[in-house]
6 protein chains.
Amino acid sequence: MKLSVFAVLLQDQPFDKACEYLASLGVQAVEIGCGGFPGKAHCDPKDFLAHPEKIDQMKATLEKYHLEIAALSTHGNAVHPDKAVAKAFHEDFENAVLLAEKLGVDTVVTFSGCPGGCPEDKTPNWVTCPWPDDFTNIVNYQWNEVLIPYWKKEAEFVKAHGVKKIAFEMHPGFCVYNPETLMKLRNAVGPVIGANFDPSHLFWQGVDPVKFLKAFPDRIYHCHIKDAEVTLDGESGILSSHFNFGDDRRGWDFRSPGHGQINFEEIIRELNRANYQGPLSVEWEDAGMDQWFGAADACAFTRRLDFAPAGALFDAAFKK
Amino acid sequence: MKLSVFAVLLQDQPFDKACEYLASLGVQAVEIGCGGFPGKAHCDPKDFLAHPEKIDQMKATLEKYHLEIAALSTHGNAVHPDKAVAKAFHEDFENAVLLAEKLGVDTVVTFSGCPGGCPEDKTPNWVTCPWPDDFTNIVNYQWNEVLIPYWKKEAEFVKAHGVKKIAFEMHPGFCVYNPETLMKLRNAVGPVIGANFDPSHLFWQGVDPVKFLKAFPDRIYHCHIKDAEVTLDGESGILSSHFNFGDDRRGWDFRSPGHGQINFEEIIRELNRANYQGPLSVEWEDAGMDQWFGAADACAFTRRLDFAPAGALFDAAFKK
Amino acid sequence: MKLSVFAVLLQDQPFDKACEYLASLGVQAVEIGCGGFPGKAHCDPKDFLAHPEKIDQMKATLEKYHLEIAALSTHGNAVHPDKAVAKAFHEDFENAVLLAEKLGVDTVVTFSGCPGGCPEDKTPNWVTCPWPDDFTNIVNYQWNEVLIPYWKKEAEFVKAHGVKKIAFEMHPGFCVYNPETLMKLRNAVGPVIGANFDPSHLFWQGVDPVKFLKAFPDRIYHCHIKDAEVTLDGESGILSSHFNFGDDRRGWDFRSPGHGQINFEEIIRELNRANYQGPLSVEWEDAGMDQWFGAADACAFTRRLDFAPAGALFDAAFKK
Amino acid sequence: MKLSVFAVLLQDQPFDKACEYLASLGVQAVEIGCGGFPGKAHCDPKDFLAHPEKIDQMKATLEKYHLEIAALSTHGNAVHPDKAVAKAFHEDFENAVLLAEKLGVDTVVTFSGCPGGCPEDKTPNWVTCPWPDDFTNIVNYQWNEVLIPYWKKEAEFVKAHGVKKIAFEMHPGFCVYNPETLMKLRNAVGPVIGANFDPSHLFWQGVDPVKFLKAFPDRIYHCHIKDAEVTLDGESGILSSHFNFGDDRRGWDFRSPGHGQINFEEIIRELNRANYQGPLSVEWEDAGMDQWFGAADACAFTRRLDFAPAGALFDAAFKK
Amino acid sequence: MKLSVFAVLLQDQPFDKACEYLASLGVQAVEIGCGGFPGKAHCDPKDFLAHPEKIDQMKATLEKYHLEIAALSTHGNAVHPDKAVAKAFHEDFENAVLLAEKLGVDTVVTFSGCPGGCPEDKTPNWVTCPWPDDFTNIVNYQWNEVLIPYWKKEAEFVKAHGVKKIAFEMHPGFCVYNPETLMKLRNAVGPVIGANFDPSHLFWQGVDPVKFLKAFPDRIYHCHIKDAEVTLDGESGILSSHFNFGDDRRGWDFRSPGHGQINFEEIIRELNRANYQGPLSVEWEDAGMDQWFGAADACAFTRRLDFAPAGALFDAAFKK
Amino acid sequence: MKLSVFAVLLQDQPFDKACEYLASLGVQAVEIGCGGFPGKAHCDPKDFLAHPEKIDQMKATLEKYHLEIAALSTHGNAVHPDKAVAKAFHEDFENAVLLAEKLGVDTVVTFSGCPGGCPEDKTPNWVTCPWPDDFTNIVNYQWNEVLIPYWKKEAEFVKAHGVKKIAFEMHPGFCVYNPETLMKLRNAVGPVIGANFDPSHLFWQGVDPVKFLKAFPDRIYHCHIKDAEVTLDGESGILSSHFNFGDDRRGWDFRSPGHGQINFEEIIRELNRANYQGPLSVEWEDAGMDQWFGAADACAFTRRLDFAPAGALFDAAFKK
């Protein structure tokens, strides 16, 4: 698998400088932020589509540093109950698809989004309990009247532009946040929807990332390497994550890969077994570590981690 | 401590029959449902206040079966974003307080409630994640503009009518759902707010019920005996509780006391240490067990459980 | 579910006395040993079929003590490599089926049996490792040339005589010893084959009895209540069970129900969820406990254990 | 301790090339396959004994790469119930002993073998359960009539040819598969029999490798470095190892050293405490990893692992 | 085994009343306090020896309530560095032995005692660390110059008076506090020294009570039934037991039997396996439970616990 | 944080050679032994104070190898019951303070010491149990009459000489051995007393080192990097540490950092969160590892371990 980094980590740097730095860490591919919450400092699809020379320039930079594009990403909320907000995220997504078409990239990474609780609401309403009945009613509204219709429409758009995979990051705060909700949407919309497999979001929910890979080996469209730590101490509570990252009243937190509790050894074995050939894309986030130390450390960790499956290097040691 | 049952379990029965049955199980007190979601079949405060003879009749029935009132309960959502819904729950609460005053009951049990995400919203929005920023903004709105003002006002009302304790059940789906949010509200409103200590809601969040009792021994205003089981299997996830109770895709479920994973032995020790003298009120809920089997089993379990602290029965064995 | 006992435990007693004793323990049904390793002291089918008055006498005894027949059992090895041994077990099984037909019993409990490693062998060869290749070859021979043909033939015989369920006890020492091998045989032979669910044999192998029930809720044809304890201490090893029961060099041992590590609470919940209506049949075996103490203790344990599912006793408390 | 590799991993390569590669990984000794199941591609003892110049050539190659001989190995089944098969393995073993004599090697590694269940059987019958009685009878036959007589005879042969240690690999599928069976054979035959300590076979049985070392510090005649992972998930079962390696229905599997669950840190400490001076011989097997990646990784892991006991390097840092 | 209670629990009551109460709980034997720390309210051996009619009276009382003597106990410190204190405890012990002789009781229960750190010291010095060297020197002094000589002498005294067993309670605060120190003293003094097996003191040290029984089945001279709970929470520490019992800053505490973490099921199995025929003597201590509730609860628990080993009641169910 | 080594490990070497070696391992600071049990081979404060040129020489050596002074250490027992012993340790401590003043070092590391059990005793008496009452009396004497008065006096001395921090190593065998006793002394004496945080001593007591850091982030005056392993096996017992280090009858032992069970990852995170800027000083002790291997390994481990907190290296990657 190819070592990738989600390059928004370096968005304060010019793209060339960011690439130079990543290449120095042994990175082979970049996941490029094209909008949504993480922003589009390196690559604004609308702008690039309007000025194709910028596309060529980006390609040239990548070539200079021997980097591939792992995927384009727009982690937004295109079904936000505030119409203006929704529109901006929606355009980010569609522009990213159009740019992907131009670049020959077959995967766009995004969130499912989260609507309000009813048509009149103005705030996203993420539901994890069935009672009082308000909550069950909200879930029914969100899925049947907003989420499924929206993504059916977008699936058509995506297919019309040659993009083969929408890789949803199962992420708390959005309707698709675990394997069950991902499969519910896929079943409703079609196989263009699959997973951006990011074990950090599954782990602390009690979902076993390896079991997910075993159950859906053909639906892994992208992979984030990100770690997490459950820090429950009897006081904090797993639902206390309304506190910000790094606050030790939370019940869990993100960690630089290898510094948390996720069993990446078994993940690599299972990705190999699933014949996953896509990138291992480091999405770095750790409130307790310097980001430059962390970025280098994470890349080194991921390189050590990624061993080839049986037979992959057959006779390599002697044939060279 | 006194063995109590939250009598809405028997609301299909006339109050006299329900009391007769409970007395036959050795129950010493009843928690009476006076509105909110569980209903007021046995006791509608508004009606009782208008017809004082009904109060006398209830007292007579209780006396007949040697039962005390453990507390009055109105588990509603008085800050519901739908004004009409909010009003009904609000009136339930205030009427329950007025009835408590008449009955000389010093504790009313309820929920904190859960507003919408902004003034325009129509659905309650329960937040457990800080990001995207929508969620942090919602929390700030809910607490500062709705929850704290409302309960400050109600605290005055309650005190004006001789009720000493509002016992909030920390319950997912409402703003007060764990020790931290309970203490946040108490700190803002005052010591009239304390806990309806129900370990079943804390346990599956990863909050240790015993640690809560150790930390806040003087804030235990009421106690529900209810068990829970975490049933994580690597697939379900602790946030999968949007499925209904009894559905095995959930990550946890309620259990009849003694049939789950809660360590009631340590809870009794800590309640004794805290010198808690209130009721142990069985709130029975178990999707996998017959309710009549369960009610009797739960009362027997709670009776066996409730041992006296050191010295409580001093010389009792020989003085009788 | 009905409380049953596998009556070979009492085979030193006349059948009437055994029934009297069991009835005194609250037992509602008996599983009757009709041959195989545990013997047929109470009921030799061949003899009963030849002397129908013995059938009537047994029925009368059962009626006298208000006992039903839970199932007929012949735990033998009808595919034993020693032809004479195989024949005796084979006849036990077929005679039990014929007797079941006469009694209107729809379930016969047995083992799959275990052949030799090749046609010339004289000893049963139970395989649990794939290498050296001898072992893989043995497995292929046993299943393809002996086990499947034999049970296809017997399935016809059974169906011809009105018995609906062959309940295989998954048991080490025989080819069907875990869920995978049971399903392999069922897939080859047909739905007449299901499980005698005995959690004690699954537990120490690391197989979760509850997961088995979740996976195959419609294939539970009978149920043994028997407990086990894994006693690994770093020296013994799980494969050290070639030592006899009660020898503390073993890595596990049988236990009287409730005295081992099996979670019967979850088993009852899952049997209820699967709508299992058959018997809970105590097969008592515990090398560290007196059998009379144990039998009574096991029946009391099983009675306490067996709670009704939600709704089963609806209104029972008030309708009586 | 010396870093060794069991060189059959490289038997597709000429011996010189294999040695060159191993030396490049920092290997200091080789365990040479001389027959049995793993084969004798690099060194056929019969052939070498007949052509002594081949012995000289092998010695020269080893010297060229500064490699010692860790041990000669013939992992066969010399008591196989098929006489012809048994004979071939028997000759492999005796020839290996004769070659060891010539080379001045004092240790030969092998298996105990596994007979049939009775004299007429044609397949090896490995027993791990005591019941039905067939199995107990088989064990008695195998040990008393086959295994002990055979190894008593071979012990004489071995001693007559100057080999001091027969190192049995405790291995499922053979009569000696755990500490208890190893000690049973040693007690019957004499101290020429000891352990090829390979923790991977002990670990998944629930046997603690470190406890074995503590109990028998003077019986460690050779040491394999090989890891294992117990992968029980409630469905697979520890006895499901009749599936082939790499099949995820198994309950355990082999792993490249450091990629499994074996605590090598404690093993090294205990080997040091036992004053073990022999080789640490990597026997590489991992169905989920490329063998060339794995071989290099395993050697690096073992080098890092092998720290000196207290005092071993006394003043070394300053005396150089 | 016989159900016994260590009767100092009831020493505020006259002996007759205490016996009456115990008999009402089903108790079959009493362990009588004859001095040491727990006192001699019921039975002062010196006084009894001087007034034999008191012996007869005690016997008559015991007979009246069908109670046997389980053992005489003097839990003192006969090697206390303060000579006067030591003398009193020493006389308690010897008088208890003389009284045991008169009563035909073969077991006296006591502590090993704890000397000072050197001949000049005035306070007992209990050592659990080897460094600084002060502590190692103290241990050597205590054992070689005080403890062993004293108990060698007492062993002679005991044997001269027909008492066969000195049952030492392994107890922190005294030199004999775990299996190793008990065996060290027994090895030095002789087989008259064995264990008062009290699992509560072993458990929290990390010593497995069952392993002790397996290792020394013939050295169990008496048995206390007492439970304990390790309450470590990351703050308290296992050495924080200098706080008094019931203080929650301790790392462990005593519990009424069945209310702590000790696995009594396995203890009963192992006592049965060891063929232990002595009493199960409840020594009740629980800072969080009323003692009268606790005493009755502990006796009921111990009665339920004590099942007979295999074969003990053979045919009992039918022979009566 | 700065990598330091407690240099008494190298006291057989001249100071210059020791420094040269440490610098070669990447060490940035040294903790210098100035008396107490570990000795003062490199630096005898009394001698240095008398011959200031030795101070200059030491400074020159440190400068030559770019080493700072992490702290001066005198791990003695200044309240030893033997007056002569106490005096020597007392003078070590005060001389170290005077030297620190000269060197501008603000931290002196030491032990609290341990008195006898009463004024007449001659041996230190370390108490960890409350009963018999002897022990509670001893604790009261030690703290009120010896420990608190002594350290109040020394606090004055220390402050008079410009040393800001007395860093007590919480160490079994001395009165301050866990967080509770450290805080008890600090509360009595003042904020000049804080922790030499050495997780190895806390861990095996069941005290969570990370919880200590969370509770007292402002009281970490120094930090030792030392690992430990709890080796309880059911026989050894956590109090069996009266055996010497390396003896496997102990229940725990010290380990080279990274070779034990301490979670240093979380410790570094918490030290960063506490804004600790002091040294990470390796105090190497491991009875199962060669010390030269271990010293180099420990320094490499600590270097890898010590990552910067969020923001610490901001833009460093690009600004250089």
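Given the structure is predicted, the values throughout are model-derived calculations rather than measurements.

What counts as what
- Residues numbered from 1 in each chain as written.
- Chains lettered and ligands numbered in written order.
- Predicted model: local features only at pLDDT ≥ 70, side-chain atom pairs only at ≥ 80, totals over all residues.
- Heavy atoms only, no water.
- Salt bridge = Lys/Arg side-chain N within 4 Å of Asp/Glu carboxyl O.
- Contact = heavy atoms within 4.5 Å.
- Helix = DSSP H or I, 4+ residues; strand = E, 2+ residues; numbered from the N terminus.
- Buried < 20%, exposed > 50% of the residue type's maximum accessible area, 1.4 Å probe, protein only.
- Phe/Tyr/Trp six-rings, centres within 6.5 Å; stacked < 30°, edge-to-face > 60°.
- Least-squares fit on C-alpha atoms with pLDDT ≥ 70 in both.
- Core = buried A, V, L, I, M, F, W, Y, C linked by side-chain atoms within 4.5 Å.
- Pairing = 2+ DSSP bridges.
- Axes fitted to C-alpha atoms, helices over the stretch in contact; angles between N-to-C directions.
- Buried area = accessible area lost by both parts, 1.4 Å probe.
- Polar contact = N/O pair within 3.5 Å; in protein donor to acceptor, adjacent residues only side chain to side chain.
- Nonpolar A, V, L, I, M, F, W, Y, C, P; charged D, E, K, R; others polar.
- Parallel < 35°, antiparallel > 145°, perpendicular 65-115°, else oblique.
- Left-handed = near helix turned anticlockwise from the far one by under 90°.

A. Structural detail: the pattern of salt bridges. Tallied over the full model, the rule gives 114 salt bridges over all chains. Through salt bridges with shared partners, one network takes in A:Lys214, A:Glu270, A:Arg273 and D:Asp248.

B. Here's a closer look at the arrangement of the chains. For the non-touching pair chain B and chain D, the nearest C-alpha separation works out to 9 Å. There is a gap between chain A and chain E: no contact, and a shortest C-alpha distance of 9 Å.

C. Summary view of the environment of B:Asp16. Residues and elements named next belong to chain B. Structurally, Asp16 can be placed in helix α1 (residues 15-24). Judged by its relative accessible area of 28%, Asp16 falls in the partly exposed class. For the pair formed by Asp16 and Ala60, sequence separation is 44 residues and the distance between their alpha carbons is 9.7 Å. If sequence neighbours within four positions are ignored, Asp16 has contacts with Thr61, Lys64 and Tyr65.

D. Up close: the packing of aromatic side chains. All names here are of chain E. All told, the structure shown has 108 aromatic pairs over all chains when counted by the stated rule. Seen from their ring centres, Phe37 and Phe89 are 4.7 Å apart, and the 50 degrees between their planes marks the pair as tilted. With a gap of 52 residues between them, Phe37 in the loop between β2 (29-36) and α2 (45-50) and Phe89 in helix α4 (residues 83-103) connect regions that are remote in the sequence. A relative accessible area of 29% means that Phe37 is categorised as partly exposed.

E. Local environment of the relation of the copies chain A and chain B. Note on the identical chains: chain A maps onto chain B by a rotation of 180 degrees and an axial translation of 0.0 Å, with an RMSD of 0.0 Å. One copy is carried onto the other by what is essentially a two-fold rotation axis. Minimal C-alpha separation from the rotation axis in chain A is found for A:Asp121, amounting to 2.1 Å.

F. Molecular detail of the nonpolar core. Formed by 591 residues in total, the largest nonpolar core has its most connected members in A:Phe212, B:Phe212, C:Phe212, D:Phe212, E:Phe212 and F:Phe212. Not counting residues up to four positions away in its chain, the partners in contact with E:Phe212 are E:Met170, E:Pro179, E:Leu182, E:Met183, E:Ala195, E:Phe197, E:Leu202 and E:Ile220.

G. Here's a closer look at the sheet that holds strand β7 (residues 220-225) of chain E. All names here are of chain E. If you walk around this closed barrel you meet the 8 strands as β1-β2-β3-β4-β5-β6-β7-β10, and the pairing is parallel. Each strand axis lies, on average, 30 degrees off the axis of its neighbour in the sheet, ignoring direction. The sheet strands contacting helix α6 (residues 179-189) are β5 (165-169), β6 (193-197) and β7, and the helix crosses β6 at an angle near 155 degrees. In this fold helix α9 (residues 264-273) packs onto β6, β7 and β10 (279-282), with an angle of close to 160 degrees to the strand it touches most, β7.

H. Seen up close, helix α6 (residues 179-189) of chain C. Inspection of α6(C) places C:Pro179, C:Thr181, C:Leu182, C:Met183, C:Leu185, C:Arg186 and C:Val189 among the buried residues, and these make up the whole buried set. If you follow the buried residues of α6(C), they end up packed against α5 (133-160), β5 (165-169), β6 (193-197), α7 (199-203), α8 (209-215) and β7 (220-225) of chain C.

I. Structural context of the interface of chain A and chain B. Across the contact, 48 residues belong to chain A and 48 residues belong to chain B. Contact between chain A and chain B buries roughly 4100 Å² in total, counting both sides, with carbon and sulfur atoms accounting for 63%. Together, A:Trp131, A:Leu239 and A:His242 form the three largest contributors to the area buried by chain A at its contact with chain B, with a combined 17%. The interface formed by chain A and chain B includes 0 salt bridges. The interface formed by chain A and chain B holds 27 residue pairs in polar contact (both at pLDDT 80 or more) in total. With 3 residues, the top contributor of residues to the side of chain A that touches chain B is helix α5 (residues 133-160) of chain A. Residue composition of the side of chain A that touches chain B, grouped by class: 21 nonpolar, 17 polar and 10 charged.

J. View of the packing of helix α4 (residues 83-103) of chain F against helix α5 (residues 133-160) of chain F. Residues and elements named next belong to chain F. Axis separation between α4 and α5 bottoms out at 9 Å; the angle between their running directions is 20 degrees. Relative to α5, α4 is oriented roughly parallel. Helix-helix and strand crossings are classified by hand; for α4 and α5 the assignment is right-handed. Contacts between α4 and α5 involve His90, Phe93, Glu94, Val97, Leu98 and Glu101 from the former and Tyr150, Trp151, Lys153, Glu154, Phe157, Val158 and Ala160 from the latter.

K. Representation of the sheet that holds strand β10 (residues 279-282) of chain C within the structure. Residue and element names in this part refer to chain C. The strand order around the closed barrel formed by 8 strands is β1-β2-β3-β4-β5-β6-β7-β10, and the pairing between neighbours is parallel. Looking at each pair of strands side by side, their axes are set apart by 30 degrees on average, direction ignored. As judged from the 3 bridges shared by strand β3 (residues 68-75) and strand β4 (residues 107-110), these two strands associate in the parallel manner. Counted as the bridge partner of Ser73 is Val109 from β4.

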